[in-house]
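As a plain string of letters, each chain reads:
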Amino acid sequence: MTFRDLNLKKPLWNALDELGYHTPTTIQANGFKVMMSGADTIGIAQTGTGKTLAYLLPCLCMWEFSKDPHPQILIIVPTRELVAQVVREVEKLTTYMNVVVGGVYGGANMNTQAAMVLSGLDVLVGTPGRIFDLASSGSLKLKNIKKVVIDEVDETLSLGFRPQLLNLFEFLPVKRQHMVFSATLSEEVAVFLEDYLIAPIRVEAARAGSPIDKIHQSAYLAPNFLSKVALLRHLLTAFEVDSKILVFVSSRVLADTLFEEINEEFSDSIGVIHSNKAQNFRFDAVQRFQTGETRVLIATDLIARGIDVTDVTHVINFDIPENPENYIHRIGRTGRADKNGIAITFITEKDDSALESIQVLMQQDLVFEKTPKQVAYTTELLEFEKPVVAIPGKSLKLPSRENKGASFHEKKAKNKKVNVRYNHKKAMQEKYGKPKKKRK
């Protein structure tokens, strides 16, 4: 099958030809007719299988020109990087169409985004919080929305966007089509979708959680953070010069700590990105990694689905993810298209439970490699790794409240006065011993 076999508009065919896209992926081919039918759709496909194009093609195919400035298509994504990525994809696909697309997200000037929205849009891409802010302020009118896409829905909900999504639904017209996409679909998310989707049709390109065949997965035992750093240094040196390596860590603090540990040795070829970094810094880090200016990018899980980079040769899990689905998202950044990939995971003793969950989800065990002889492990622990030792008999006691004064000082006499109604008869009684009659 080719894209010419799909019932697309001619402008879309021309754009696809120019982009060199000829053969649709499984999710693109299987989901097209379902979404074109107008049915609510849940698309499940592994990262890197073309989910973005899978929902953009039917949405743009059903789009109709209108002089109304309000958007018809709403695409909700969890991160600003994904907003920029989807906007670029829409622009590339609509080269021969009169479609206006815009992206909105937090961390940018809201007044500028409001002005852009008010100027007129056909497709709006954004994060839930900023879309809700614009809608509640009156800058964004959602009355014409016909298609609602929620990309990476499980990540969107796990990031705490559920309240914003629920509030946002109140602004949408009752009659609308939902297209929900993700690489995995947890039971919690499935229950959430049941309340808002009408008889959804599930399109699954591959069993959720199945390992990607073109990725060679292996693991190394490492006792602590500094030992992992030593192992990472050796691997980065051993990899080929033209390799492109994503290194995933569990937190923003660890991302910065790891960057500081190896930056001196690899300063010309390493970058770091996480949600605490400024917007321009994040975009610049991704751009430099994409162009090959840097060959190593340290990132957190938020970035696993939030950036679109090609030709990633290696994914290194410096920290094993607690959520097994996140492991799938991480390694899915490599082994794309017709290329093979390598995924390496560092394991400590405390990671046994997380490792077991990943292997159960994939129905495949990771292959453990021997530690290279050139790598010298250490027993030194950083402060966050040191165990907290409880001292017997030294439990924390609250200070005694005995012989303690009140929480507030006694009022001064002048502040004890209260306003009362003047009683002339009573005042005369107190002054003269008998009431004194007023003169007539």
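Residues numbered from 1 in each chain as written. Predicted model: local features only at pLDDT ≥ 70, side-chain atom pairs only at ≥ 80, totals over all residues. Heavy atoms only, no water.

Asker: I'm lost on the pattern of salt bridges in this one. Help?
Answerer: Any two side chains of opposite charge can pair, given that their charged atoms come close. A complete count under the given rule lists 10 salt bridges for this structure. With its nearest N and O atoms 3.2 Å apart, the salt bridge here joins arginine 233 to glutamate 265. A residue pair is termed long-range when its members are at least 10 positions apart, and arginine 233 in helix α9 (residues 225–238) and glutamate 265 in helix α10 (residues 252–266) qualify at 32 residues. What makes arginine 233 partly exposed here is its relative accessible area of 26%. Residue classification places glutamate 265 among the partly exposed positions, given a relative accessible area of 48%. (Salt bridge = Lys/Arg side-chain N within 4 Å of Asp/Glu carboxyl O. Helix = DSSP H or I, 4+ residues; strand = E, 2+ residues; numbered from the N terminus. Buried < 20%, exposed > 50% of the residue type's maximum accessible area, 1.4 Å probe, protein only.)

Asker: Can you help me understand helix α8 (residues 187–194) in this one?
Answerer: Residues separated by three or four positions in an α-helix point in the same direction, a consequence of the helix having 3.6 residues per turn. The set of residues buried in α8 consists of Val189, Phe192 and Leu193. Along the long axis of α8, the arc covered by the buried residues comes to 95°, so they all point the same way. Away from the buried face of α8 by more than 90 degrees, exposed residues Glu187 and Glu194 are located. (Arc of directions from axis to C-beta.)

Asker: Would you explain the packing of helix α5 (residues 110–118) against helix α6 (residues 128–137) in this entry?
Answerer: Packed helix pairs are characterised by how far apart their axes lie and by the angle those axes make with each other. Relative orientation of the contacting elements α5 and α6 amounts to 70°, with a least axis distance of 11 Å. As far as their axial angle goes, α6 and α5 are roughly perpendicular. The interaxial crossing formed by α5 with α6 has right-handed handedness. Contacts between α5 and α6 involve Met110, Gln113, Ala114 and Val117 from the first element and Arg130, Asp133, Leu134 and Ser137 from the second. In terms of residue class, the contact of α5 with α6 is built from four nonpolar, two polar and two charged. (Axes fitted to C-alpha atoms, helices over the stretch in contact; angles between N-to-C directions. Parallel < 35°, antiparallel > 145°, perpendicular 65-115°, else oblique. Left-handed = near helix turned anticlockwise from the far one by under 90°. Contact = heavy atoms within 4.5 Å. Nonpolar A, V, L, I, M, F, W, Y, C, P; charged D, E, K, R; others polar.)

Asker: What's the story with the sheet that holds strand β8 (residues 215–221) in this structure? I'm lost.
Answerer: By way of backbone hydrogen bonds, the strands of a sheet pair with one another, either parallel or antiparallel. Pairing in this open sheet of seven strands is parallel, and the strands run β10-β11-β9-β12-β13-β8-β14 from one edge to the other. Single-partner strands in this sheet number two, and they are β10 (270–273) and β14 (367–368). Note that β8 and strand β13 (residues 341–347) share seven bridges and pair parallel. Within the sheet, the bridge partner assigned to alanine 219 lies in β13 and is threonine 345. (Pairing = 2+ DSSP bridges.)

Asker: Looking at this structure, I do not really get the sheet that holds strand β1 (residues 41–44). What am I missing?
Answerer: Strand order across the open sheet formed by seven strands is β3-β4-β2-β5-β6-β1-β7, with parallel pairing between neighbours. If you trace the sheet from one side to the other, it starts and ends with β3 (101–104) and β7 (201–204), each paired once. Each strand of the sheet is rotated relative to its neighbour by a mean of 15°, with strand direction disregarded. Here β3 runs beside strand β4 (residues 123–126); their pairing, made up of four bridges, is parallel. Bridging across to β4, valine 104 finds its partner in glycine 126.

Asker: Got a minute to help me understand the environment of isoleucine 42 in this structure?
Answerer: Summarising the element assignment, isoleucine 42 is placed in strand β1. Taking the relative accessible area as the measure of exposure, isoleucine 42 reaches 10% and is therefore buried. For the pair formed by isoleucine 42 and valine 149, sequence separation is 107 residues and the distance between their alpha carbons is 10.0 Å. Residues contacting isoleucine 42, with those up to four places away along its chain left out, are Val180, Leu185, Leu193, Leu197, Pro200, Ile201, Arg202 and Val203.

Asker: Just to check I follow, could you spell out the environment of leucine 226 for this structure?
Answerer: Summarising the element assignment, leucine 226 is placed in helix α9. Expressed as a C-alpha distance, the spacing of leucine 226 and threonine 379, which sit 153 residues apart in the sequence, is 8.5 Å. Excluding residues that lie within four positions of it along the chain, leucine 226 makes contacts with Glu261, Thr378, Glu380 and Leu382.

Asker: What is the right way to look at the packing of aromatic side chains in this model?
Answerer: Geometrically, a pair of aromatic rings is defined through the distance of the ring centres and the angle of the planes. The full count for this structure, using the stated rule, is seven aromatic pairs. Ring centres of phenylalanine 169 and tyrosine 196 lie 5.1 Å apart, and the angle between their planes is 50°; on these two criteria the pair is classed as tilted. On the criterion of sequence distance, the pair formed by phenylalanine 169 in helix α7 (residues 153–169) and tyrosine 196 in the loop between α8 and β7 is long-range, its members being 27 residues apart. Through a chain of ring-to-ring contacts, three or more aromatic side chains come together here, namely Phe225, Phe318, Phe346 and Phe384. When the ring centre of phenylalanine 169 is taken as origin, the NZ or CZ atom of arginine 176, which lies over that ring, is 5.4 Å away. Positioned above the aromatic ring of phenylalanine 318 is the side chain of lysine 228, whose terminal nitrogen or guanidinium carbon lies 5.4 Å from the ring centre. (Phe/Tyr/Trp six-rings, centres within 6.5 Å; stacked < 30°, edge-to-face > 60°. Lys NZ or Arg CZ within 6 Å of the ring centre and 35° of its normal.)

Asker: Explain the layout of surface pockets here, please?
Answerer: Here the idea is plain: a probe the size of a water molecule rolls over the atoms and shows the empty space left. The computed volume of the second largest pocket comes to approximately 550 Å³. Mapped by element, the contributors of at least two residues to the lining of the second largest pocket are α9 and α13 (352–362). The class makeup of the residues in the lining of the second largest pocket is nine nonpolar, six polar and seven charged. (1 Å grid on protein atoms, 1.4 Å probe; cavity = no way out; pocket = protein on both sides within 12 Å on 5 of 7 lines; lining within 4 Å. Points joined across faces, edges and corners; volume = space filled by probe spheres on them.)

Asker: Sorry, what's going on with the pairing of strand β2 (residues 73–76) here?
Answerer: The side chains of a regular strand alternate between both faces of the sheet. Burial of β2 is two-sided: the residues Ile73 and Ile75 facing one way and the residues Leu74 and Ile76 facing the other way are all buried. In this structure, β2 lies alongside strand β5 (residues 147–151), joined through four bridges in parallel fashion. Note on β5: the bridge partner recorded for leucine 74 is valine 148.

Asker: Would you take a moment to explain unusual backbone geometry for this structure?
Answerer: What you tend to see is this: most non-glycine residues have negative phi, and most peptide bonds are trans. If you check the backbone angles, glutamate 152 has positive phi at about 50° while not being a glycine. One non-glycine residue, glutamine 363, lies in positive phi territory at about 55°. Take glutamine 363: it is sitting in the loop between α13 and β14. The exposure class assigned to glutamine 363 is exposed, which follows from its relative accessible area of 65%.

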